[in-house]
Amino acid sequence: MIKLNTNYANLKDSYLFYNIAQKTKAYLEAHPDKRLYRMGIGDVSLPLCDAVIKALNEGVSDQAKKESFHGYMPECGAPFLREAIRDYYFQKGIELDADEVFVSSGASDELGDILDLFDKTSTALVIEPAYPAYVDANIIAGRNIVHLSSGKENGFLPLPDDSIDADLIYICSPNNPTGAVFSKDKLQKWVDYANSKGAVILFDAAYEAFIEEDLPHSIFELEGAKNCAIEICSLSKTAGFTGTRLGYTIIPFDLKRGGISLHDMWVRNRTTKTNGVSYIIQKGAAAVFTEEGQKQIHENIAIYKNNAKVLMQALDKLKIWYCGGKNAPYIWMKCPNGMGSWEFFDYLLNEIQVVGTPGEGFGACGEGYFRFSTFGSPEDTKEAAKRLCELLG
Ligand SMILES: *Cc1c(COP(=O)(O)O)cnc(C)c1O
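Residues numbered from 1 in each chain as written. Predicted model: local features only at pLDDT ≥ 70, side-chain atom pairs only at ≥ 80, totals over all residues. Heavy atoms only, no water.

Time to look at the sheet that holds strand S4 (residues 144-149). The seven strands are arranged S2-S8-S7-S6-S5-S3-S4 in an open sheet whose pairing can be described as mixed. Lying at the two open borders of the sheet, with one neighbouring strand each, are strand S2 (101-104) and S4. Averaged over all adjacent pairs, the angle separating strand axes in this sheet is 20°, with direction ignored. Against the sheet, helix H8 (residues 262-273) contacts S2, strand S6 (200-204) and strand S7 (229-234), and its axis sits at roughly 30° relative to S2. (Pairing = 2+ DSSP bridges. Helix = DSSP H or I, 4+ residues; strand = E, 2+ residues; numbered from the N terminus. Axes fitted to C-alpha atoms, helices over the stretch in contact; angles between N-to-C directions. Contact = heavy atoms within 4.5 Å.)

Moving on, we get to the pairing of strand S3 (residues 123-128). The element S3 is extensively covered by neighbouring structure, given that six of its six residues are classed as buried. Going residue by residue along S3, you find Thr123, Leu125 and Ile127 tucked away on one face and Ala124, Val126 and Glu128 tucked away on the opposite face as well. Of the strand pairs in this sheet, S3 and S4 are connected by six bridges, and their pairing is parallel. Note that in S4 the partner of Thr123 across the bridge is Asn144. In the sheet, S3 pairs with strand S5 (residues 168-172) via three bridges, with the strands oriented parallel. Opposite Val126, over in S5, you have Tyr170 as the bridge partner. (Buried < 20%, exposed > 50% of the residue type's maximum accessible area, 1.4 Å probe, protein only.)

By the secondary structure assignment, Ser341 is in helix H11 (residues 341-352). At a separation of 3.1 Å, a polar atom in the side chain of Ser341 contacts the main-chain amide nitrogen of Gly368. Setting aside anything within four residues of it in sequence, one finds Ser341 in contact with Cys335, Pro358, Gly359, Glu360, Gly366, Glu367, Gly368, Tyr369 and Phe370. (Polar contact = N/O pair within 3.5 Å; in protein donor to acceptor, adjacent residues only side chain to side chain.)

Below, the discussion takes up the site of the ligand. Around the ligand there are 14 residues in total, and Asp204, Tyr207, Ser234, Ser236 and Lys237 lie nearest to it. Between Asp204 and the ligand, the recorded distance is 2.7 Å, taken from a side-chain N or O atom to a nitrogen atom. Note that an oxygen atom of the ligand is positioned 2.5 Å from one of the side-chain N or O atoms of Tyr207. For the ligand, whose free accessible area comes to 390 Å², the fraction covered by protein is 95%. Sorting the residues of the shell around the ligand by element identifies helix H4 (107-113) and helix H7 (236-239) as the ones contributing at least two each. Here the residues of the shell around the ligand are counted per class, giving six nonpolar, five polar and three charged. (Near = heavy atom within 4 Å. Areas by Shrake-Rupley, 256 points an atom, 1.4 Å probe, with all protein chains shown as cover. Nonpolar A, V, L, I, M, F, W, Y, C, P; charged D, E, K, R; others polar.)

A cluster of nonpolar residues, Met1, Ile2 and Leu4, forms a patch on the protein surface that exposes about 500 Å² of accessible area. When you line up the elements, Ile2 lands in the segment before helix H1 (15-30). Residue Ile2 is classed as exposed on the basis of its relative accessible area, which comes to 68%. (Patch = residues over 30% accessible without salt bridge, like charges linked within 9 Å, V, L, I, M, F, W, Y side chains within 5 Å. Salt bridge = Lys/Arg side-chain N within 4 Å of Asp/Glu carboxyl O.)

Now the structure itself:
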């Protein structure tokens, strides 16, 4: 009989969002007259911008005519989109070759698939609290995982130390769930650490477009990063592509281990395992990188950022410790009066009908913290902030 991958048995049930759904459902059944203010969502709520819709429609029309029809797309991405992304990096002061850009169907897909490059005896380091997929993808692959806890004392931005032995290092900055962003100096320490150990950094830049202060948008802003890092990014949060699906991955030509190019390995992987991303979607994605597209996506991001401001003002008034919000669409707060994450969740649900995400769901060191998302509607966010102030003030 075929032997199955027994690592699946080592996965913990992803009970976080299930549990939230169960609790909110039970509450609404018991209180049919109440409505909820959902500040827990990790999904965008605003529609795609006009420039993208126009380009998607053009893509559809192209597929209707013999002269402009596209069949299989190049596995690693359409040249027009790889070039648009190269130019976007160039504007940020980073020089890439268009062939160093790989188009993907999203960051989550890529974060799992990229593990094909590494031996399963390699060790993965996950800075916690973390996006649960980092841990789970490595459990499925049977890889040893080192959990590095972070906390209030280091602003949820821990630094490497030589006692840590890791081959594969996950860094998400701006961070989900904490909203914390590594400064250039701190990120440089991780780059230097990776180069000294021969490790590889997987840098998740899904929230780079939310940065407004002078902080690194890309790991390739740092000295030596092209020798040790892969950057994984996505249009999901930047441009509302969560349901449209498009991401991109940067693997520099200079990234080599044991004389072998990871870039060449990834080309080989993609040409085997995918037939590329839909022409229509790549057409829509390219519009994000036009002047008009950038202007429009930043108008949407400004709406989410204003939600963040409303929540931050409430927490400031309440003198509650938090991080994030300024350069990320998440606010990570300390639960008041020593409450636990789930205890605070129940308290907000029952008292003011506000739903957030318990920090414990992102790793043990998230216990005692709570995440608010700023992707909800401005009206609901204002009401939630008002209710928080009344309850905790
Ligand atoms: C939302 C999110 C992504 C984006 O994933 P997609 O698969 O591209 O939608 C990536 N990383 C983190 C940390 C996220 O929160």
